[in-house]
Amino acid sequence: MERTSALNPPNTSTQGWINGLIGVVIFSGSLPATRLAVMEFDPVFLTMLRATLAALVGLLLLGCFKVKRPAGRQWAALAIVSLGVVIGFPLLTALALQYVTSAHSIVFIGLLPLATAVFGVLRGGERPRPVFWLFSILGSALVMGYAVAQGLSAAPAGDVLMLLAVLVCGLGYAEGATLSRSLGGWQVICWALMVALPVTAALSLILAPPSLTGISLPAWLSLGYVSLFSMLIGFVFWYRGLAQGGIAAVGQLQLLQPFFGLALAAGLLHEQVSLGMLLVTLAVIGCVAGAKRFSRVVPIRPTS
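Residues numbered from 1 in each chain as written. Predicted model: local features only at pLDDT ≥ 70, side-chain atom pairs only at ≥ 80, totals over all residues. Heavy atoms only, no water.

Packed helices, taken two at a time, are described by their axes: the angle between them and the distance between them. Direction vectors running N to C along helix 5 (residues 102-109) and helix 8 (residues 156-183) enclose 40°, while the axes themselves pass 9 Å from each other. Our classification of the angle between helix 5 and helix 8 gives oblique. Once helix 5 is placed against helix 8, the crossing between them reads as right-handed. Counted together, H104, S105, F108 and I109 of helix 5 and D159, M162, L163 and V166 of helix 8 form the full contact between these two elements. For the contact of helix 5 with helix 8, the residue count by class is five nonpolar, two polar and one charged. (Axes fitted to C-alpha atoms, helices over the stretch in contact; angles between N-to-C directions. Helix = DSSP H or I, 4+ residues; strand = E, 2+ residues; numbered from the N terminus. Parallel < 35°, antiparallel > 145°, perpendicular 65-115°, else oblique. Left-handed = near helix turned anticlockwise from the far one by under 90°. Contact = heavy atoms within 4.5 Å. Nonpolar A, V, L, I, M, F, W, Y, C, P; charged D, E, K, R; others polar.)

Here the focus is the nonpolar core. Grouped burial of nonpolar side chains is what soluble globular proteins tend to show. One finds F41, V85, V86 and L193 to be the most contacted residues of the largest nonpolar core, which totals 73 residues. A per-element tally of this core places helix 4 (residues 74-96) first, with ten residues. Contact partners of F41, with chain neighbours within four places excluded, come to L46, L212, I215, A219, W220 and L223. (Core = buried A, V, L, I, M, F, W, Y, C linked by side-chain atoms within 4.5 Å. Buried < 20%, exposed > 50% of the residue type's maximum accessible area, 1.4 Å probe, protein only.)

What the rule picks out here adds up to three cavities of 30 Å³ or more. Size it by volume and the second largest cavity reaches roughly 180 Å³. Lining of the second largest cavity is provided by 16 residues; of these, F27, S30, F89, Y173 and S230 occupy positions nearest its centre. When residues of the lining of the second largest cavity are traced back to their parent elements, those giving at least two are helix 2 (30-37), helix 4, helix 8 and helix 10 (217-245). It is helix 4 that contributes the most residues to the lining of the second largest cavity, four residues altogether. When the residues that make up the lining of the second largest cavity are grouped by side-chain class, the tally is ten nonpolar, five polar and one charged. (1 Å grid on protein atoms, 1.4 Å probe; cavity = no way out; pocket = protein on both sides within 12 Å on 5 of 7 lines; lining within 4 Å. Points joined across faces, edges and corners; volume = space filled by probe spheres on them.)

Turning our eyes to something else, we now look at unusual backbone geometry. Of note in this structure, K66 is not a glycine but carries a positive phi near 50°. Here K66 lies in the loop between helix 3 (43-64) and helix 4. What makes K66 exposed here is its relative accessible area of 74%.

Time to look at the packing of aromatic side chains. A full pass over the atoms with the stated rule returns seven aromatic pairs. Between the aromatic rings of Y225 and F229, the centroid separation amounts to 5.2 Å while the plane-to-plane angle is 15°, which identifies the pairing as stacked. Highlighted residues: Y225 and F229, both in helix 10, separated by four residues, approximately one helical turn. By way of ring pairs, the aromatic residues F27, Y173 and F235 are connected into one cluster. (Phe/Tyr/Trp six-rings, centres within 6.5 Å; stacked < 30°, edge-to-face > 60°.)

Once that is clear, we can look at the side chain of S204. Among the structural elements, S204 can be located in helix 9 (residues 186-207). The class of S204 is buried, set by a relative accessible area of 7%. Separated by 3.3 Å, the side chains of S204 and T52 make a polar contact. Not counting residues up to four positions away in its chain, the partners in contact with S204 are F45, M48, L49 and T52. (Polar contact = N/O pair within 3.5 Å; in protein donor to acceptor, adjacent residues only side chain to side chain.)

With that settled, consider the packing of helix 4 against helix 8. Contact pair helix 4 / helix 8: the axes reach a minimum separation of 8 Å and the direction vectors enclose 155°. By the angle class used here, helix 4 and helix 8 are roughly antiparallel. The handedness of the crossing between helix 4 and helix 8 comes out as left-handed. A breakdown of the residues in the contact of helix 4 with helix 8 according to their chemical character gives 20 nonpolar, eight polar and one charged.

A separate point is the confidence of the model for the chain. Overall, the prediction assigns the chain a mean pLDDT of 82, with 86% of residues at 70 or greater. Below a pLDDT of 50 lies the segment residues 1-8, which in the model reaches 15 contacts outside its immediate sequence neighbourhood of four places, other chains included. (pLDDT = per-residue confidence, 0-100.)

Written as structure tokens, this is what we have:
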């Protein structure tokens, strides 16, 4: 077993940072791609189809590498991961993006490290210092203050859905990180996709529109991106980075996700990124970074 510390070779730690950064960049494209896809696909159908397509690829990976099947309580933990990151977060964000822009929703992603830490206490037994919670509360207040200042009454459904998405994703990340201690890194997302496959495949067939003619190429490309990259490939790099570089260190790269996401929203979707959005994103990242500094993280020890 391997722990990221002074005992690890420097090149292993560097590889962890590189893999983690690749994972964060991949995840950063999820909201802009989802925004493009929901313009032409029903959000529930999109959620089920992307998970189904990713599960089929995951099934091939599990078969090719002859991965050992989970046992006992691991199945229950995988169900939580599945509900959080396979179905919950993609569905809630797809629904939210019918009401708000991807640039607006990306600000909420700055709360993901906080949500993960909270569920790390509840599910992983972590005990951060009191100063940690001071930064966490301040970051939450900044995000909520931004939503109210932008006119929460104008699109309350979108903001509420984004907050719910962050909560379920934080639960899925924390549960997956805890489970990876015994099951391994990339195997967690593959098995979580398998757990959800009977439901997602059935609903994909039931909710499929009578005809898919007229769907534009950008919508199809967006579907492919969120299916293969956001739902599977990003997790492969992300969990590999955590295993090589350590969850406490490499996990901080997630704080860069709002920056990458805002850049993609402006560059690909031509959405306006206001100075207020940038300032709030910077402030939230600063608060979460401070909280991370005063947290005590239980290291994840990869088994493979």
